[in-house]
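# Topology and contacts: notes
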Amino acid sequence: MDEVEQAKQQYGRLVVVEVDGKVLAFKPIDKAKITDIRAKLAKTPNLALDILTNAVEFCCVVGQEHFKDVASKYPLIV
């Protein structure tokens with residue numbers, strides 16, 4: 001069984017993307033994390049890209065070793 005299938009069994013729904021030949025999979029974000037993100041964005045809107053990138057990285061369950069590289073090359077994908 002590959003990593004994506006294992007993650008599906010563990011987390012259920014996933015968003016799976018391939019960027020530059022690298023597969024990344026993301027679990028759904030929970031409401032508590034969304035509330036935390038909103039609070040951080042309200043306090044520091046100038047850090048929006050960093051805050052949202054960190055939140056997406058938190059949800060990355062497959063391909064974590066490629067996340068920072070992909071996020072730095074394609075920040076708007078994140």
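Now for a description of the structure that goes with this document. (Residues numbered from 1 in each chain as written. Predicted model: local features only at pLDDT ≥ 70, side-chain atom pairs only at ≥ 80, totals over all residues. Heavy atoms only, no water.)

### Topic: the packing of helix α3 (residues 48–59) against helix α4 (residues 64–73)
As a packed pair, α3 and α4 sit with axes 10 Å apart at the nearest point and diverge in direction by 150°. Between α3 and α4, the angle falls in the class roughly antiparallel. Where α3 crosses over α4, the handedness of that crossing is right-handed. Residues Thr53, Val56 and Glu57 of α3 pack against Phe67, Lys68 and Ala71 of α4. (Axes fitted to C-alpha atoms, helices over the stretch in contact; angles between N-to-C directions. Helix = DSSP H or I, 4+ residues; strand = E, 2+ residues; numbered from the N terminus. Parallel < 35°, antiparallel > 145°, perpendicular 65-115°, else oblique. Left-handed = near helix turned anticlockwise from the far one by under 90°. Contact = heavy atoms within 4.5 Å.)

### Details of the packing of aromatic side chains
Per the stated rule, a full pass over the model turns up one aromatic pair. With a centroid separation of 6.3 Å and an interplanar angle of 75°, the aromatic rings of phenylalanine 26 and phenylalanine 67 are classed as edge-to-face. On the criterion of sequence distance, the pair formed by phenylalanine 26 in strand β2 (residues 22–26) and phenylalanine 67 in helix α4 is long-range, its members being 41 residues apart. Accessibility expressed as a relative area gives 14% for phenylalanine 26, which makes it buried. By relative accessible area, phenylalanine 67 is classed as buried at 3%. Its guanidinium or amino end placed over the ring of phenylalanine 58, lysine 27 lies 4.7 Å from that ring's centre, counting from NZ or CZ. Between the NZ or CZ atom of lysine 33 and the centre of the ring of phenylalanine 58, over which it lies, the distance is 4.7 Å. (Phe/Tyr/Trp six-rings, centres within 6.5 Å; stacked < 30°, edge-to-face > 60°. Buried < 20%, exposed > 50% of the residue type's maximum accessible area, 1.4 Å probe, protein only. Lys NZ or Arg CZ within 6 Å of the ring centre and 35° of its normal.)

### Topic: the sheet that holds strand β1 (residues 15–19)
Pairing in this open sheet of three strands is antiparallel, and the strands run β1-β2-β3 from one edge to the other. Each edge of the open sheet carries a strand with a single partner, namely β1 and β3 (60–62). Here the average twist between neighbouring strands, direction ignored, is 35°. Here five bridges tie β1 to β2, and the two strands are oriented antiparallel to one another. From the neighbouring strand, valine 19 faces β2, where its bridge partner is lysine 22. Contacts between α3 and the sheet are confined to β2 and β3, with β3 contributing the most and set at about 35° to the helix. Across the face of the sheet, α4 comes into contact with β1, β2 and β3 while running at roughly 100° to β2. (Pairing = 2+ DSSP bridges.)

Such coordinate-based values are descriptive only and should not be taken to indicate function.
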